[in-house]
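Here are the chains, one letter per residue:
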Amino acid sequence: MSERIQVIKGDITKQAVDAIVNAANCSLLGGGGVDGAIHRAAGPELLEECRTLDGCKTGQAKITKGYKLPAKYVIHTPGPIWRGGQRNEVDLLSSCYENCLKLASRHGCATVDFPSISTGVYHFPLEKASVIAITTIAEYLKKHKEIQRVRMVCFDDRTKDFYQRALDDLGEDL
Ligand code: AR6
């Protein structure tokens, strides 16, 4: 098992890392789920900064400060809505993880925490999503030593079990 990728159960809004990722929507103006929790914990200044960003395309990412969060930055990425798998959902989800990590590198973030993007109200199948997330993160970390540690912060045991299995199946040391 790789120590640079970890899977934990927890609340991403409580993590004191360089950057947490927000599973946002294309407006970047807040929503429910993890997005709502991040905006509530960060305070209204986060929404003010998000208003200046002009939204974000699915699979892309934009960065803001963390405001009242213990994390220094929030990287916002709209994941794909699952529509059966024929709408480029797999590549778009992989792009979310890769583009967030690129932004983290560019902003000097050594520690990055992700939620399980798209597997809540966007209904991406969890098993597929977990494999895409772990393999995309692993590929990136191989090439980018500046990122020391990436964690999947899962809100429930079922989600955590899928990501842990995907990580164990990777069977690589990074
Ligand atoms: N910490 C970590 N994970 C969490 C937290 C938390 N505090 N709260 C929820 N999760 P979702 P999506 C988990 O629906 O599917 C929003 O309205 C949750 O259990 O938040 O990408 C946006 O504005 C699930 O495992 O995101 C978009 O409109 C995971 O986070 C839309 O939802 C993702 O669930 C995005 O949908």
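For the structure itself, look to the data block above.
Residues numbered from 1 in each chain as written. Predicted model: local features only at pLDDT ≥ 70, side-chain atom pairs only at ≥ 80, totals over all residues. Heavy atoms only, no water.

K.L.:
Even after reading the chapter, I still don't get the pairing of strand E4 (residues 73-78), so can you show me in this structure?
P.N.:
As a general feature of sheets, a regular strand has side chains that alternate between the two faces. Burial within E4 is extensive, with 6 of its 6 residues counted as buried. Side chains Tyr73, Ile75 and Thr77 of E4 all project onto a buried face; the interleaved residues Val74, His76 and Pro78 project onto the opposite face, where all are buried too. With 6 bridges joining them, strand E2 (residues 19-24) and E4 adopt parallel strand pairing. If you follow Asn22 over to E4, its bridge partner there is His76. (Buried < 20%, exposed > 50% of the residue type's maximum accessible area, 1.4 Å probe, protein only. Helix = DSSP H or I, 4+ residues; strand = E, 2+ residues; numbered from the N terminus. Pairing = 2+ DSSP bridges.)

K.L.:
Mind showing me how you'd approach the pairing of E2 here?
P.N.:
E2 sits mainly inside the fold: 6 of its 6 residues count as buried. Across the two faces of E2 the burial is the same, with Ala19, Val21 and Ala23 and Ile20, Asn22 and Ala24 all buried. Of the strand pairs in this sheet, E2 and strand E5 (residues 111-114) are connected by 2 bridges, and their pairing is parallel. Note on E5: the bridge partner recorded for Ile20 is Asp113.

K.L.:
Can you help me understand the site of the ligand in this one?
P.N.:
Near the ligand you find 22 residues, and of these Asn25, Gly32, Asp35, Ser118 and Gly120 are the closest. Within the contact set of the ligand, an oxygen atom lies 2.9 Å away from a backbone nitrogen or oxygen of Val34. A distance of 2.8 Å separates an oxygen atom of the ligand from a polar atom in the backbone of Gly120. Mapped onto the shell around the ligand, the elements with two or more residues apiece are E2 and helix H1 (33-42). Considering each element in turn, the shell around the ligand owes the most residues, 4 residues, to H1. Here the shell around the ligand is composed, by residue class, of 10 nonpolar, 10 polar and 2 charged. (Near = heavy atom within 4 Å. Polar contact = N/O pair within 3.5 Å; in protein donor to acceptor, adjacent residues only side chain to side chain. Nonpolar A, V, L, I, M, F, W, Y, C, P; charged D, E, K, R; others polar.)

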